[in-house]
Every structure is written in structure tokens, then in C-alpha cells.
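This is what each chain is made of:
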Amino acid sequence: MDVGRKSVTKIDSGFVKQYDAHVERQHKKKKRLIRRLALFTIATLLLFGGLLTYHLNQRAVYADKREQYEELQQKMTELNQKEEDLNEEIQLLQDEDYVLQIARTNYFFSKEGEIIFQIPDNSPSY
């Protein structure tokens, strides 16, 4: 005879059947609640994961665009400076004395009776 097991019989009455049905409904309700909560949790995690991924991608795109913007700003500053220099050179080239001075310096043009001596730029090696 098994001492650990006891045999108990159930009372077969209307109340017991009603109570068992109630317990079964409560158990099924609890199971559905757990399933809904699990589904809601998974959906929420997927949503937040998608939002986090989107946010990180947008931050990377923003950083790239910001870097491009700074590079273009620097390039625009350089081009503006170059434009100013060229405008200044245009103004200077409209002056005849300046053009003659450049011609004399770079192309060895001389005035009448003037002799030009070219001095070498090499330093003596001793």
C-alpha cells in the first residue's frame, strides 16, 4: 500500500460542478490575460526597437549632413576670399602703371635707355 498517496473522491453535486466551472473560467481568463500582456510587451518592444533604430540612423545622417555643411561653409569662405582677391586684381590691372610695373618685373621690359641686370637667386656655397 502506498502511504504517500491518498485517494480522495470528489463529491458529485451541482455546487461542486459550478465551482469547478468557475475555477476553470478563471484559469482560462488568467491564461488569456498573460497571452495579451505578452503580445502587448512584444509589440511595445518592437515599436521601441524600431524607433530607436530610426533615431540612431537619423543621428548618423544629421552628423554627416552637419559635416558636409561645415566643409561647404569653409569652401564658401575660401571662394569668397578668392573672389575678393580677384576683384582687387581686376581693379589693379585697370591701372596702367601697375601693368607696366608687372611687365618690367616679370618680363624684363625696360624703359628707353634703361639696362636691366638679373641677379641670380642662388646663395654662394662655401
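Note that the structure is predicted; figures quoted are calculated from it, not measured.

1. Let's talk about the overall build of the protein
(1) Moving on: From N to C terminus, the protein includes two helices and zero strands.
(2) Moving on: For 126 residues, the compact-globule estimate of 2.2 N^0.38 gives 14 Å, and the C-alpha radius of gyration of the protein, at 47 Å, exceeds that figure by more than 25%.
(3) Moving on: Taken across its 126 residues, the protein has 1% of its residues classed as buried.
(4) Moving on: Approximately 13,100 Å² of the protein is accessible, and the part contributed by carbon and sulfur atoms is 58%.
(5) Moving on: Averaging the coordinates of the 19 positive side-chain charges in the protein and doing the same for the 20 negative ones gives two points 41 Å apart.

2. Comments concerning the UniProt feature "coiled-coil region" (unreviewed entry) in the protein
(1) Moving on: Per the UniProt record, the feature "coiled-coil region" (unreviewed entry) sits at residues 62-96.
(2) Moving on: Along residues 62-96 the backbone is 94% helical and 0% strand, and the end-to-end C-alpha distance reaches 53 Å.

3. Some thoughts on the environment of Leu 93
(1) Moving on: Along the polypeptide, Leu 93 turns up in helix 1 (residues 14-93).
(2) Moving on: Classification of Leu 93 as partly exposed rests on a relative accessible area of 43%.
(3) Moving on: Sequence separation between Leu 93 and Thr 77 is 16 residues; the distance between their C-alpha atoms is 24 Å.
(4) Moving on: Not counting residues up to four positions away in its chain, the partners in contact with Leu 93 are Tyr 98, Val 99 and Ile 102.

4. Description of the UniProt feature "transmembrane region" (unreviewed entry) in the protein
(1) Moving on: Here, the residues flagged by UniProt with the feature "transmembrane region" (unreviewed entry) are residues 37-56.
(2) Moving on: Structurally, residues 37-56 is divided into 100% helix and 0% strand, and its ends, taken at the C-alpha atoms, are 28 Å apart.

5. Looking at the environment of Lys 111
(1) Moving on: Tracing the chain through its elements places Lys 111 in the segment after helix 2 (96-107).
(2) Moving on: Sequence spacing of Lys 111 and Gln 68 is 43 residues, and the spatial spacing of their C-alpha atoms is 53 Å.

6. What about the pattern of salt bridges?
(1) Moving on: Under the counting rule described, the total for this entry stands at one salt bridge.
(2) Moving on: Among the salt bridges present, the one from Glu 70 reaches Arg 66, with a minimum N-O distance of 3.8 Å. With a gap of four residues between them, Glu 70 and Arg 66 both fall in helix 1, about one helical turn apart.
(3) Moving on: For Arg 66, a relative accessible area of 41% puts it in the partly exposed group.

7. Digging into a positive patch on the surface
(1) Moving on: A surface patch of like charges, here positive, comprises Arg 25, Lys 28, Lys 29, Lys 31, Arg 32, Arg 35 and Arg 36.
(2) Moving on: Among the structural elements, Arg 36 can be located in helix 1.
(3) Moving on: Residue class for Arg 36 comes out exposed when judged on its relative accessible area of 53%.

About the criteria used
Residues numbered from 1 in each chain as written. Predicted model: local features only at pLDDT ≥ 70, side-chain atom pairs only at ≥ 80, totals over all residues. Heavy atoms only, no water. Helix = DSSP H or I, 4+ residues; strand = E, 2+ residues; numbered from the N terminus. Rg over C-alpha atoms; globule rule 2.2 N^0.38 Å. Buried < 20%, exposed > 50% of the residue type's maximum accessible area, 1.4 Å probe, protein only. Areas by Shrake-Rupley, 256 points an atom, 1.4 Å probe, with all protein chains shown as cover. Lys, Arg positive; Asp, Glu negative; His and termini not counted. Charge placed at Lys NZ, Arg CZ, Asp CG, Glu CD. UniProt positions renumbered as here; feature names shortened; annotations may be inferred. Contact = heavy atoms within 4.5 Å. Salt bridge = Lys/Arg side-chain N within 4 Å of Asp/Glu carboxyl O. Patch = residues over 30% accessible without salt bridge, like charges linked within 9 Å, V, L, I, M, F, W, Y side chains within 5 Å.

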